[in-house]
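Okay, here's what each chain looks like letter by letter:
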Amino acid sequence: MSLRDPFKLELARRHLVNKTVCRSCGVTNPPKATKCRKCRSKNLRPKKTKGRAR
Ligand SMILES: [Zn+2]
C-alpha cells in the first residue's frame, strides 16, 4: 500500500501521534486516557514520533 496522498499521510501520522503508551505494561491508550485500559496505571506517556521523519 502506497501513501502518496499528502492528506492521507498527514492523517495517518496524526493518528499515530495521537496515542499514549503505558509505562507499566506498554499498551497503547487513547489520547484522552488518564489511566491505562489494561492495568489501570496512571503512568502514561505520549507516544514518541522521533526517529521516523518520513
Ligand atoms: Zn498499563
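Our structure is the block above this text.
Read on for a plain summary of the structure. Values in this document were obtained by computation on a predicted structure and should not be read as measured data.

In most cases, non-glycine residues show a negative phi, while peptide bonds are predominantly trans. Its identity is not glycine, yet R40 carries a phi of approximately 65°, on the positive side. In this fold, R40 is placed in the loop between β2 (28–29) and β3 (44–46). Note on R40: 10 C-beta atoms within 10 Å, which makes it exposed.

This part is about the sheet that holds strand β1 (residues 20–22). Either a parallel or an antiparallel arrangement is found when strands of a sheet pair, and the pairing is made through backbone hydrogen bonds. Spatial strand order, β2-β1-β3: three strands in an open sheet with antiparallel pairing. A single partner strand is all that each edge strand has here, and the edge strands are β2 and β3. Relative to β2, β1 runs antiparallel, the two being bridged by two bridges. Across the sheet, residue V21 finds its bridge partner in β2, namely T28.

Our next topic: the environment of H15. As for its position among the elements, H15 is in helix α1 (residues 6–17). For the pair H15 and P31, spaced 16 residues apart in sequence, the C-alpha separation works out to 9.7 Å.

About the thresholds
- Residues numbered from 1 in each chain as written.
- Predicted model: local features only at pLDDT ≥ 70, side-chain atom pairs only at ≥ 80, totals over all residues.
- Helix = DSSP H or I, 4+ residues; strand = E, 2+ residues; numbered from the N terminus.
- Buried ≥ 20, exposed ≤ 12 C-beta atoms within 10 Å, placed from the backbone.
- Pairing = 2+ DSSP bridges.

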